[in-house]
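Examining the three-dimensional arrangement
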Amino acid sequence: MKNIRGFLIDLDGVLYVGDKAIKGARESIDLLRDKNYAFRFVSNTTRKSRKTIAEQLSSMGFDIPVEDIFTPPLAAVAYIKKSKKHHCYLLTTGDVYQDFEQECICDNSAAIDYVILGDAGDKVTYENLNRAFRHLMQGADLIALENDRYWMAPDGLSLSAGPFVQALEFATGKKGIIVGKPSRMFFELALCDMGLRTDQVAMIGDDILTDIGGARTLGMQGILVRTGKYRKDTVDNVAIKPDRVIDSIAQLQDIL
Ligand SMILES: [Mg+2]
């Protein structure tokens, strides 16, 4: 790929599905390292802290330092820090709350400034959504960690945060601030860290909208993989066209 010096790489559906590494993924990462390409990982995963993601990658045989993993909480924390408002209601699951501990006050000591909504899995109950709704009606702003429609869980396609972001937007008439892919601020965190311009970078992902669409909007190339949540009919039915489509990240060697 001409002029490409670096890659942004999605995790879920590209390097692994569930706890299984995609065949040839490790070798592709090693190849990028050998060929001196810069690369960072940009994931919309919000069920786990960065530290846990790094540990799970390690258990699947990937040698990826935690600093190279960019997840939406990182962008959310940067946003909250700048705003100097820190009272948050966190609607998430797993241990992702750990990524907010430095910047957010999550108790009832004051009015809530931000409702932070991620892919909250079983925590998406009527009670919790309604609590979020009430905070928003009382003046809080909505930070959406991601706005994806669905993702590929080991047992099948599963609802992501997007449908519930839309539900809260619909109910309150407020627009959420999306901090994960495909938002510019999120991609820019990783681009800045690599010190590369958008025309020097290609994004590799399994989501035609957030990965490929997001990349294309910023002027990056988009490489779609046919693993994870990839569905041919979904891709055929959107206007976004990837620059390349490969069967899996294992095929990266053929297009470098
Ligand atoms: Mg993905």
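Report on the accompanying structure. (Residues numbered from 1 in each chain as written. Predicted model: local features only at pLDDT ≥ 70, side-chain atom pairs only at ≥ 80, totals over all residues.)

1. What to know about helix 4 (residues 126-137)
Given a rise of 1.5 Å per residue, twelve residues ought to cover 16 Å, and the 16 Å separating the end C-alpha atoms of helix 4 matches this to within 8%. Within the sequence span of helix 4, burial applies to Ala132, His135 and Leu136. The buried residues of helix 4 all sit within an arc of 100 degrees when viewed along its axis, so they share a single face. Of the exposed residues in helix 4, the ones pointing more than 90 degrees away from its buried face are Tyr126, Glu127, Asn130 and Met137. Buried-residue contacts for helix 4 involve strand 6 (88-91), strand 7 (114-117), strand 8 (141-144) and helix 5 (162-172). (Helix = DSSP H or I, 4+ residues; strand = E, 2+ residues; numbered from the N terminus. Expected span 1.5 Å × (residues − 1). Buried ≥ 20, exposed ≤ 12 C-beta atoms within 10 Å, placed from the backbone. Arc of directions from axis to C-beta. Contact = placed C-beta atoms within 7 Å.)

2. Focus: helix 6 (residues 184-194)
Here helix 6 has its buried residues at Phe186, Phe187, Ala190 and Leu191. Looking straight down helix 6, one finds its buried side chains confined to an arc of 130 degrees; they lie on one side. Of the surrounding elements, those touching the buried residues of helix 6 are strand 1 (6-9), strand 4 (38-42), strand 5 (69-70), helix 3 (72-83), strand 12 (201-205) and helix 7 (208-218). Positioned one or two residues after helix 6, Gly195 has a phi angle of 70 degrees, which is positive.

3. Some remarks on the environment of Lys35
Note on placement: Lys35 falls in the loop between helix 1 (25-34) and strand 4. When the 9 C-beta atoms within 10 Å are taken as the criterion, Lys35 is described as exposed. Expressed as a C-alpha distance, the spacing of Lys35 and Tyr79, which sit 44 residues apart in the sequence, is 35 Å.

4. Brief notes about the environment of Tyr114
Mapped onto the fold, Tyr114 is located in strand 7. Classification of Tyr114 as buried rests on a count of 23 C-beta atoms within 10 Å. Setting aside residues up to four positions removed in sequence, Tyr114 forms contacts with Ile80, Lys85, Cys88, Ala140, Asp141 and Ile143.

5. What to know about the pairing of strand 1
Side chains Gly6 and Leu8 project from strand 1 onto one buried face, and the interleaved Phe7 and Ile9 project onto a second face that is buried too. Here four bridges tie strand 1 to strand 4, and the two strands are oriented parallel to one another. Residue pairing in the sheet places Ile9 in a bridge with Phe41 of strand 4. Two strands pair when backbone bridges link them, and strand 1 and strand 12 are joined in this way by four bridges, in the parallel orientation. Across the sheet, Gly6 pairs through a bridge with Val201, a residue of strand 12. (Pairing = 2+ DSSP bridges.)

6. Observations regarding the packing of helix 3 against helix 6
As a packed pair, helix 3 and helix 6 sit with axes 10 Å apart at the nearest point and diverge in direction by 100 degrees. Accordingly, the angle class assigned to the pair helix 3 and helix 6 is roughly perpendicular. Contacts between helix 3 and helix 6 involve Pro72, Leu74 and Ala75 from the former and Met185, Phe186 and Leu189 from the latter. Among the residues making up the contact of helix 3 with helix 6, the classes are represented as six nonpolar, no polar and no charged. (Axes fitted to C-alpha atoms, helices over the stretch in contact; angles between N-to-C directions. Parallel < 35°, antiparallel > 145°, perpendicular 65-115°, else oblique. Nonpolar A, V, L, I, M, F, W, Y, C, P; charged D, E, K, R; others polar.)

7. Observations concerning the sheet that holds strand 5
Read across the open sheet, the six strands follow the order 5-4-1-12-13-14; overall the sheet is parallel. Since the sheet does not close on itself, it has two edges, and those belong to strand 5 and strand 14 (244-246), each with one partner. Against the sheet, helix 7 touches strand 12 and strand 13 (221-225), its axis set at about 160 degrees to strand 13.

8. Structural notes on the environment of Thr227
Among the structural elements, Thr227 can be located in the loop between strand 13 and helix 8 (232-236). For Thr227, the residues in contact, after removing those within four places along its chain, are Gly13, Val14, Ile22, Asp206 and Ser248.

9. Here we look at the sheet that holds strand 6
The strand order across the open sheet formed by four strands is 6-7-8-11, and the pairing between neighbours is parallel. Strand pairing shows two members of the sheet lacking a second neighbour, strand 6 and strand 11 (177-178), which therefore form its edges. Strand direction decides the pairing type here: strand 7 and strand 8, joined by four bridges, are parallel. Across the sheet, the residue bridging to Leu117 is Ala144, located in strand 8.

10. Comments concerning the pairing of strand 10 (residues 156-159)
Two elements, strand 9 (residues 150-153) and strand 10, share four bridges in a ladder whose sense is antiparallel. What sits directly across from Ala153, in strand 10, is Gly156. Hairpin geometry of strand 9 and strand 10 is characterised by an intervening segment of two residues between the two adjacent antiparallel strands.

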